[in-house]
Amino acid sequence: MAVDIARAESSSLQWGACPESTSSGINLSCAYFNIPLDYHNASAGNGHLLVVKASATSGKSKGTIFMNPGGPGVSGLESLTTDGPALLNHSGGVYDIISWDTRGIGPYTYPGDVFCLSDEESISFWNGSIEVTGINWLGNFTNQTDLSNFYSQAPVIDTQYRAAGERCLQGPNGTTLQYIGTAATVRDLVALADAIQGPNTPINYWGLSYGTLVGAWFLNMFPDRAGHVILDGVIDATNVATKQSYLLWRDQVGSAEANYNALANTCALAGTKGCALAPFKNATGADVVNHISSAIEAGSFPILHDHPLASNISMRTLRASIYGGLYKPTMWAVLANETLPSQLASVIGTENSQMRRTHPRRATFSHQNSYTEPAIVCADSVDADPSLDMKDVFDEVVNVTRTVSHSFGAFWPIPWHRCLRWPVRAVERYQGPFNKTFANRVLIIGNSYDNATPFFEAEHMAEVFGNQAALLRQNGFGHTSIYQDSACTSGIIQAYLADGTLPSDKLTVCEIDSAVELFPGVRSVSVTVENSGFKA
């Protein structure tokens, strides 16, 4: 049967002002780009992307780097507004950086943000389950009361996730869910490059976090179009292609405890004058962690054991703030001196205040109730194994908490965990092979301690690519290389972008610049992930 091939528009983009005001100090411009919903079926209809460009800052542009900030669900516009200066600095400021709000993201791209339940419906729909409250657990999740309360939620969540999937199919995005996967995003990338640079030109690409999955799929779907491709903060694409999605959280938090220790050790080095979380003079990193853990236990015990299904949103927010705050070491001082002390006080001082909610007068859909992340990761995931149920997911959560990350292993909700009951997969998924012959070699970057994409994932993708990849380990903290300055890393990136030069060694290690401070007076190079607080 003949395939009705669809194509994106081929005319050049019309750049103008972006739809939201920005104050990043760099020159941003925006355009819209028309796309087919399905590149293999023109009858599916059309959509459009909001495209954003950060112009080169050091003279005339030497070319374009296409960038995906990851998430999935991170807006290209928001990312270039906040991270554009760092990206331009790391790349030398001599390239235009172009990103876009991919399918499923934001109000300006179509298909845009995925909504299934209004804010008002969401409150009654989840009905106080762990989807709203999060999971309460102490230590490494061995307390029998904790476990009983948790497992009692398995059939509840199973039923709710099935029902939520049906609501998503019936919602405002129901007819487009099958078109927002990563394979379509790769084809959008190639179509954008054709329109901006010309057909069949090499594509320079920088993928951050989930954007590295976009990069791995691009390299193998269009190996002849590979220009200078950087995968930074790497997700192991082979796992996404082969494993049930709920098993992927295990790797994601593989270095979370090390980063948490580093934050605590940095706080201890800053002392009580420099860090509000340091419990006493000469405290160690272990003391800081124990101080936070004691507050968590004090805040959770009456709720968890007297009222196991009571709302505990402030507790979930606290854990989320710690884990999310680890992403950017440049913000650790703010996290430790402002965000977490305020939340700890709230957790200890209030038990039921989080139950008080005001109901808007009419139905609204807000970003906090967007289903974009699960819609994309589940669209990309392998088909759900029909022999599994939510108890299997819960068993994995407990195991990850006990064996990988006792601080974050049981964080809930996690997009990967929804896919067992998500009703849609993308019309196109790339599931291998991942070792095709690329037109150019690839630069793979991972931090020594990345709380969201551990270095071993970068290592494995480098092994899969073989001699077609160079592996760089930046000896620092946080998620991706861009949040800590390293002249070594920047030099390698700039040389690679300029003429394809990559280190000859199988592994290159770059140190963080010695002047980089995590807290005032505390240099990054002085911090370890051990509990002593000092490097030997």
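Residues numbered from 1 in each chain as written. Predicted model: local features only at pLDDT ≥ 70, side-chain atom pairs only at ≥ 80, totals over all residues. Heavy atoms only, no water.

## A closer look at the overall build of the protein
- Along the protein, the regular secondary structure elements total 18 helices and 11 strands.
- Counting all 536 residues of the protein, 59% fall into the buried class.
- Pairs at least 24 apart in sequence give 79% of the contacts found in the protein among residues at least 6 apart. (Helix = DSSP H or I, 4+ residues; strand = E, 2+ residues; numbered from the N terminus. Buried < 20%, exposed > 50% of the residue type's maximum accessible area, 1.4 Å probe, protein only. Contact = heavy atoms within 4.5 Å.)

## Concerning the packing of aromatic side chains
- Evaluation of the coordinates by the stated rule reveals 19 aromatic pairs.
- An angle of 90° between the planes, with centres 5.2 Å apart, marks the rings of Phe-438 and Phe-465 as edge-to-face. With Phe-438 in the loop between helix H16 (415-418) and strand E7 (442-449) and Phe-465 in helix H17 (residues 455-465), this pair connects stretches of sequence that are 27 residues apart. For the pair formed by Phe-438 and Phe-465, the shared burial category is buried.
- Considering the side-chain rings of Tyr-449 and Phe-477, the 5.9 Å spacing of their centres and the 25° angle between planes classify their relative orientation as stacked. Of this pair, Tyr-449 sits in strand E7 while Phe-477 sits in strand E8 (residues 469-477), and the two are 28 residues apart along the sequence.
- The exposure class assigned to Tyr-449 is partly exposed, which follows from its relative accessible area of 27%.
- Through a chain of ring-to-ring contacts, three or more aromatic side chains come together here, namely Phe-125, Trp-126, Trp-137, Phe-141, Phe-150, Tyr-151, Tyr-161, Phe-394 and Trp-412.
- In this structure, Arg-319 is placed above the aromatic ring of Trp-137, and the distance from its NZ or CZ to the ring centre is 3.6 Å.
- The ring of Phe-455 is capped by Arg-473, whose NZ or CZ atom sits 6.0 Å from the centre of that ring. (Phe/Tyr/Trp six-rings, centres within 6.5 Å; stacked < 30°, edge-to-face > 60°. Lys NZ or Arg CZ within 6 Å of the ring centre and 35° of its normal.)

## Considering the environment of Glu-463
- Looking at the element boundaries, Glu-463 is found in helix H17.
- Along the primary structure Glu-463 and Asn-435 are separated by 28 residues, whereas in three dimensions their C-alpha atoms are 9.5 Å apart.

## Here we look at helix H5 (residues 154-170)
- Here H5 is 17 residues long and its end C-alpha atoms lie 24 Å apart, about the 24 Å a rise of 1.5 Å per residue gives.
- Residues of H5 that are buried: Ala-154, Ile-157, Asp-158, Gln-160, Tyr-161, Ala-164, Gly-165 and Cys-168.
- For H5, the secondary structure elements touched by its buried residues are helix H2 (119-126), helix H3 (130-133), helix H4 (144-151), helix H15 (390-403) and H16. (Expected span 1.5 Å × (residues − 1).)

## Observations concerning the nonpolar core
- Counting residues in hydrophobic clusters, the biggest one holds 161 residues, and the most contacted among them are Phe-33, Trp-412, Ile-444 and Phe-519.
- Top contributing element to this core by residue count: helix H10 (residues 256-274), with nine residues.
- With residues near it in sequence (within four places) discarded, Phe-519 still touches Thr-266, Cys-267, Ala-270, Gly-274, Cys-275, Trp-332, Ala-333, Ala-336 and Asn-337. (Core = buried A, V, L, I, M, F, W, Y, C linked by side-chain atoms within 4.5 Å.)

## A closer look at the confidence of the model for the protein
- Per-residue pLDDT for the protein averages 89, and the proportion of residues at 70 or more is 89%.
- Ignoring residues within four places in sequence, the model shows residues 301-313, a span with pLDDT below 50, making 35 contacts including any to other chains.
- The low-confidence segment residues 350-366 (pLDDT under 50) makes 27 contacts with residues lying over four places distant or belonging to another chain. (pLDDT = per-residue confidence, 0-100.)

## Thoughts on the pattern of salt bridges
- In total, this model carries 11 salt bridges according to the counting rule given.
- A salt bridge links Arg-225 to Asp-194; the nearest nitrogen and oxygen atoms lie 2.9 Å apart. One end of the pair, Arg-225, is in the loop between helix H7 (211-221) and strand E6 (226-232); the other, Asp-194, is in helix H6 (residues 182-197), with 31 residues separating them in the sequence.
- Of the residues examined, Arg-225 reaches a relative accessible area of 5% and is grouped as buried.
- Across the pair Arg-429 and Asp-383 runs a salt bridge whose closest N-O atoms are separated by 3.0 Å. Placement of Arg-429 in the loop between H16 and E7 and of Asp-383 in the loop between helix H14 (372-380) and H15 is noted, with a sequence separation of 46 residues between them.
- Relative accessible area serves as the criterion here: at 25%, Arg-429 is assigned to the partly exposed category.
- Given a relative accessible area of 48%, Asp-383 falls into the partly exposed group. (Salt bridge = Lys/Arg side-chain N within 4 Å of Asp/Glu carboxyl O.)

## A closer look at unusual backbone geometry
- Omega for the bond connecting Gly-71 with Pro-72 falls within 30 degrees of zero, at -5°, which places this linkage in the cis form.
- With respect to the helices and strands, Pro-72 occurs in the loop between strand E3 (64-68) and helix H1 (76-90).
- Along the chain, Gly-432 connects to Pro-433 via a cis peptide bond; the corresponding omega equals 0°.
- With respect to the element layout, Pro-433 can be found in the loop between H16 and E7.
- We note that Asn-200 has phi near 65°; this positive angle belongs to a residue other than glycine.
- The class of Asn-200 is exposed, set by a relative accessible area of 65%.

## Description of the environment of Gly-174
- With respect to the helices and strands, the residue Gly-174 is situated in the loop between H5 and H6.
- Using a relative accessible area of 15% as the deciding quantity, one classes Gly-174 as buried.
- Dropping the residues within four chain positions of it, Gly-174 is found in contact with Cys-168 and Leu-169.

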